[in-house]
Structures are given as C-alpha cells and as structure tokens.
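# Fold and contact review
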Amino acid sequence: MVHVLSSRILLHPTDPERSRAFYGEQLGLSVYREFGTGSERGTVYFLGGGFLEVSGRARTPPDPAVRLWMQVPDVAAAQEELTAAGVPIVRPAVKEPWGLVEMWIADPDGTPIVLVEVPAGHPLRYRPGT
C-alpha cells in the first residue's frame, strides 16, 4: 500500500508569469513555497487540503480533460470577488441536481476550474459517528 504524505497538482503553463498572476493575484491563492529563478520558476500554492504547483513551461495548453475542483464556503461570494478581479465566469453559480452549488471559471490556458459549495445537509457533509 502506498503511504501518501503529501500531494499536489502540477501544471506546466504556456505562459508562467500570466498563470502566476491568475492564481496568485486574481484567485488570491496563498503561496506555500517558491523555487528556482527566472520566468519558469516554480510556485506552489495552498489548495485546501492539497497544493497546486505552477512550474516550467509547456508548448501547448494542458488537456481539457484536466480539471481543478475547489471547494469554497460561498460560491455566490466567490463569483462576486472573481468578477471584481476581472476573472471571466464560464458558467455562473447553479445548484446542480446532485445538490452541490457549482460555478465554472478557467485559468489562462483554459484549464477548467469548478468552484463548489457544499450546502448544509448535503451527504458530503455527513461524518459517521458525529
């Protein structure tokens, strides 16, 4: 059995500076650490229970099958903040048939990002024994 101590998502953007501005300034993710120098240096952001590393440079955008799922406490508030920060909303907040409230945005390379609110009473909030 693999014993996982930490995890992160790795993104190699086509324009590292543009992606760092998006994740760090527009989304406001906090920096965990940085490494290397120059325009292709790596930046690791806190991402709830994991990390997002933006490093290196790709010739082409990531495959659209790669998606980021980020749980937030209030999707409507996130939508207002992101709109004010100039982040285009791909799909406004909607309560889905499965009970989650989801809003879609995309990073500068088009990587889909779903912001999710888990409403009170949703099964994802259920903890056995509590």
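If you look the protein chain up in an unreviewed UniProt entry, it shows as VOC family protein from Streptomyces bobili.

Before going further, it helps to examine helix α2 (residues 75–84). An α-helical turn contains 3.6 residues, so a residue and the one three or four places further along point in the same direction. Among the residues of α2, those classed as buried are Val-75, Ala-78 and Leu-82. Buried residues of α2, viewed axially, fall in a sector of 55°; they line one side. The exposed set on the far side of α2, more than 90 degrees from its buried face, consists of Glu-80, Glu-81 and Ala-84. Elements that come into contact with the buried residues of α2 comprise α1 (16–26), β6 (91–95), β7 (101–106) and β8 (112–117).

Moving on, we get to the sheet that holds strand β5 (residues 68–71). A sheet is described by the order of its strands in space; here 4 strands give the open sequence β5-β8-β7-β6, paired in mixed fashion. With one partner strand each, in any of the chains shown, β5 and β6 form the two edges of the open sheet. Here the strands of the sheet are splayed against their neighbours by 20° on average, with no regard to which way each runs.

Turning next to the packing of aromatic side chains. Within the structure shown, the criterion is met by 5 aromatic pairs. When the centroid spacing of 4.4 Å and the interplanar angle of 40° are considered together, the rings of Tyr-32 and Phe-51 count as tilted. Note that Tyr-32 is positioned in strand β2 (residues 31–35) and Phe-51 in strand β4 (residues 50–54), a separation of 19 residues in sequence. Look at Tyr-32 and you get partly exposed, because its relative accessible area is 40%. Overall, Phe-51 belongs to the buried group, its relative accessible area being 14%.

This paragraph deals with empty space enclosed by the protein. Under the defined criterion, the tally for this structure stands at 1 cavity of 30 Å³ or more. Estimated volume of the largest cavity: approximately 40 Å³. For the largest cavity, the full set of lining residues is Leu-11, His-12, Pro-13, Ser-19, Tyr-23, Val-54, Pro-62, Asp-107 and Asp-109. Across the lining of the largest cavity, the residue classes tally to 5 nonpolar, 2 polar and 2 charged.

What follows deals with the nonpolar core. Counting residues in hydrophobic clusters, the biggest one holds 21 residues, and the most contacted among them are Tyr-23, Leu-27, Leu-52, Ile-105, Ile-113 and Leu-115. If we skip the residues at most four places from it in the chain, Leu-52 touches Ile-9, Leu-11, Tyr-23, Leu-29, Thr-43, Val-44, Tyr-45, Leu-47 and Leu-68. Core analysis: the second largest hydrophobic core is formed by 5 residues, Leu-100, Trp-104, Val-116 and Val-118 among them.

Position of Val-72 relative to the elements: it lies in the loop between β5 and α2. Residues Val-72 and Val-116, 44 residues apart in the sequence, show an inter-C-alpha distance of 5.9 Å. When neighbours within four sequence positions are excluded, Val-72 is seen to be in contact with Ala-78, Leu-115, Val-116 and Glu-117.

Turning our eyes to something else, we now look at the environment of Phe-51. As a C-alpha pair, Phe-51 and Ser-30 span 21 residues in sequence and 10 Å in three-dimensional space. Setting aside its immediate chain neighbours within four residues, Phe-51 contacts Ser-6, Ser-7, Arg-8, Ile-9, Tyr-32, Val-44, Tyr-45 and Phe-46.

Our next topic: the sheet that holds strand β3 (residues 42–47). The 4 strands lie next to each other as β1-β4-β3-β2, forming an open sheet whose pairing is mixed. Where the open sheet ends on each side, the last strands, each with one partner, are β1 (8–11) and β2. With strand direction ignored, the average angle separating the axes of adjacent strands in the sheet is 20°. As paired elements, β2 and β3 share 4 bridges and run antiparallel to each other. The partner of Phe-35 across the bridge, within β3, is Gly-42.

Here is what the cut-offs are and how they apply
In this convention, every chain numbers its residues from 1, walking through the sequence in written order. Selection of residues for local features in this predicted model requires a pLDDT of at least 70, selection of side-chain atom pairs for listing and counting requires 80 or more, and totals for whole chains, interfaces and linings are taken over all residues. Neither water nor hydrogens contribute to the side-chain values; these are computed over all heavy atoms in the structure. When accessible area is computed with a 1.4 Å probe and restricted to protein chains, residues below 20% of their type maximum are described as buried, those above 50% as exposed, and intermediate ones as partly exposed. Strands are runs of DSSP state E lasting at least two residues, helices are runs of H or I lasting at least four, and both sets are numbered from the N terminus onward. Arc, as used here, means the arc of the directions from the helix axis to the C-beta atoms. Residue contacts follow a heavy-atom distance rule, with two residues in contact if any of their heavy atoms lie within 4.5 Å. One bridge is not enough; two strands pair if DSSP finds at least two bridges between them. Inter-axis angles, ranging from 0 to 180 degrees, are taken between N-to-C directions of lines fitted to C-alpha atoms, where helices are fitted over the stretch in contact. Stacked, tilted and edge-to-face are the three classes assigned to paired rings of Phe, Tyr and Trp, where Trp is represented by its six-membered ring and a pair needs centres within 6.5 Å; plane angles under 30 degrees give stacked, over 60 edge-to-face, the rest tilted. Buriedness for pockets is judged along seven lines, at least five of which must meet protein on both sides within 12 Å for an open set on the 1 Å grid over protein atoms alone, while cavities are sets there where a 1.4 Å probe fits but cannot get out, and lining residues have an atom within 4 Å of a point. Grid points are joined across faces, edges and corners, and a volume is the space filled by probe spheres set on the points. The classification used treats Ala, Val, Leu, Ile, Met, Phe, Trp, Tyr, Cys and Pro as nonpolar, Asp, Glu, Lys and Arg as charged, and all other residues, Gly among them, as polar. Nonpolar cores are built from buried Ala, Val, Leu, Ile, Met, Phe, Trp, Tyr and Cys residues. Side-chain atoms within 4.5 Å join them into one set.

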